[in-house]
Amino acid sequence: MEKVQGEMEIERWERSEEISDAEKKVIQEIWSRVYANCEDVGVSILIRFFVNFPSAKQYFSQFKHMEDPLEMERSLQLRKHARRVMGAINTVVENLNDSEKVSSVLALVGKAHALKHKVEPIYFKKLTGVMLEVIAEEYPNDFTPEAHGAWTKMKTLIYTHVTAAYKESQRDPQT
Ligand code: HEM
């Protein structure tokens, strides 16, 4: 079958940015610590994201007008999204050895945000950047240069798969 643009991009990514077994281990070790505080870290990441990129709040009916980070912290909609983001990333991290599972989880996320939530894909780049920043600050001793390199690949993996799903949704919006 003819390959669509998104699939070709994922293949190109797999060739150039492959995460080694050692890097997968580093990602999984750090993530197990992060995920033990799933809700707190998730909420910190989202608050920093919305403070640094206030236009990203436009998609959330219940806190799009909030400016105060303390008020954001109490928003149930923000907490719910934090749990969902962390849950999806957890599935990706747990399945780093199963590229089909990684692709299918991130394709679902990409498709829902493209078609249902109509989020500009650039926000995924910004959010994963903030995620890296917050994890590096919260776990400074674990965040060695090697860990930084591994997480940078992880960030690219998320963005590449999500944007490939956006392109596919635009090409074939009915499916
Ligand atoms: C790695 C990044 C992200 C992941 C894993 C993620 C995951 C999810 C999941 C699993 C859901 C619930 C199921 C669904 O409706 O699709 C969701 C809902 C949603 N997401 Fe995301 N998301 C991410 C980034 C973003 C970004 C960057 C935005 C906007 C700036 C966004 C906006 C929304 C909105 C508006 C909803 C619906 C919220 C609601 O109904 O209360 N997401 N997200």
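- If you check an unreviewed UniProt entry, the protein appears there as superoxide dismutase from Corvus moneduloides.
- Heading Function (unreviewed entry) of the UniProt record for the protein holds this comment: "Involved in oxygen transport from the lung to the various peripheral tissues."
- Regarding the protein, the UniProt comment filed under Sequence similarities (unreviewed entry) reads as follows: "Belongs to the globin family."

### A closer look at unusual backbone geometry
So, step 1. Although it is not a glycine, K118 sits at a positive phi angle of roughly 50°.
So, step 2. We classify K118 as exposed; its relative accessible area is 57%.

### Focus on the UniProt feature "domain: Globin" (unreviewed entry) in the protein
So, step 1. Under the local residue numbering, the UniProt record ascribes the feature "domain: Globin" (unreviewed entry) to residues 18–167.
So, step 2. Between the first and last C-alpha atoms of residues 18–167 the distance is 22 Å; the span itself is 76% helix and 0% strand.

### A few points about the coordination of the iron atom of the ligand
So, step 1. Distances from the iron atom of the ligand to its protein donors, H81 (NE2) and H113 (NE2), fall at 2.0 Å.
So, step 2. Around the iron atom of the ligand sit six donor atoms, and with donor-metal-donor angles ranging over 87 to 179° the site reads as octahedral. Taken as a pair, H81 in helix 5 (residues 76–94) and H113 in helix 6 (residues 99–116) lie far apart in primary sequence, 32 residues in all.
So, step 3. Taking the relative accessible area as the measure of exposure, H81 reaches 18% and is therefore buried.
So, step 4. H113 sits in the buried class, given a relative accessible area of 16%.

### A few points about the side chain of T163
So, step 1. Within the secondary structure, T163 sits in helix 8 (residues 145–171).
So, step 2. At a separation of 3.2 Å, a polar atom in the side chain of T163 contacts the main-chain carbonyl oxygen of T160.

### Looking at the confidence of the model for the protein
So, step 1. Averaged over every residue, the pLDDT of the protein is 93; the share at 70 or more is 93%.
So, step 2. For the protein, the element scoring lowest by mean pLDDT is helix 1 (residues 5–16), at 69; helix 5 scores highest, at 98.
So, step 3. Our summary of model confidence lists the complex with pTM equal to 0.92 and ipTM equal to 0.97.

### Remarks on the nonpolar core
So, step 1. In this structure, F50, I135, W151 and M154 are the most contacted members of the largest nonpolar core, which totals 52 residues.
So, step 2. Contributions of two or more residues to this core are made by helix 2 (21–36), helix 3 (38–52), helix 5, helix 6, helix 7 (122–138) and helix 8.
So, step 3. With nine residues, helix 8 is the single largest residue contributor to this core.

### Re the site of the ligand
So, step 1. For the ligand, the set of nearby residues contains 18 residues, the closest of which are Q77, H81, A112, H113 and H117.
So, step 2. In this structure, an oxygen atom belonging to the ligand sits 3.1 Å away from a side-chain N or O atom of Q77.
So, step 3. The cavity where the ligand resides is the largest pocket.
So, step 4. Going through the elements one at a time, helix 5, helix 6 and helix 7 are the ones with two or more residues in the shell around the ligand.
So, step 5. The element best represented in the shell around the ligand is helix 5, accounting for five residues.
So, step 6. Along the lines of polarity and charge, the residues of the shell around the ligand split into twelve nonpolar, four polar and two charged.

### Focus: the environment of S75
So, step 1. Counting through the fold element by element, S75 comes out in the loop between helix 4 (69–74) and helix 5.
So, step 2. Classification of S75 as buried rests on a relative accessible area of 6%.
So, step 3. Residues S75 and Q62 lie 13 residues apart in sequence; the distance between their C-alpha atoms is 7.6 Å.
So, step 4. Setting aside residues up to four positions removed in sequence, S75 forms contacts with F63 and M66.
So, step 5. Within polar-contact distance, the side chain of S75 engages the backbone nitrogen of Q77 at 3.3 Å.

### As for helix 3
So, step 1. When the terminal C-alpha atoms of helix 3 are compared, their 21 Å separation across 15 residues agrees well with the 21 Å that a helix rising 1.5 Å per residue should span.
So, step 2. Taken residue by residue, helix 3 has C38, V41, G42, V43, I45, L46, I47, F49 and F50 as its buried positions.
So, step 3. Among the structural elements, helix 2, helix 4, helix 5 and helix 7 are those in contact with the buried residues of helix 3.

Thresholds applied
Residues numbered from 1 in each chain as written. Predicted model: local features only at pLDDT ≥ 70, side-chain atom pairs only at ≥ 80, totals over all residues. Heavy atoms only, no water. UniProt positions renumbered as here; feature names shortened; annotations may be inferred. Buried < 20%, exposed > 50% of the residue type's maximum accessible area, 1.4 Å probe, protein only. Helix = DSSP H or I, 4+ residues; strand = E, 2+ residues; numbered from the N terminus. Donors = N, O, S within 2.8 Å, 3.2 Å for Na, K, Ca; no water. Tetrahedral: all angles 85-135°; square planar, octahedral: opposite > 155°, others 65-115°. Polar contact = N/O pair within 3.5 Å; in protein donor to acceptor, adjacent residues only side chain to side chain. pLDDT = per-residue confidence, 0-100. Core = buried A, V, L, I, M, F, W, Y, C linked by side-chain atoms within 4.5 Å. Near = heavy atom within 4 Å. 1 Å grid on protein atoms, 1.4 Å probe; cavity = no way out; pocket = protein on both sides within 12 Å on 5 of 7 lines; lining within 4 Å. Sits in = over half its atoms within 2 Å of the grid points. Nonpolar A, V, L, I, M, F, W, Y, C, P; charged D, E, K, R; others polar. Contact = heavy atoms within 4.5 Å. Expected span 1.5 Å × (residues − 1).

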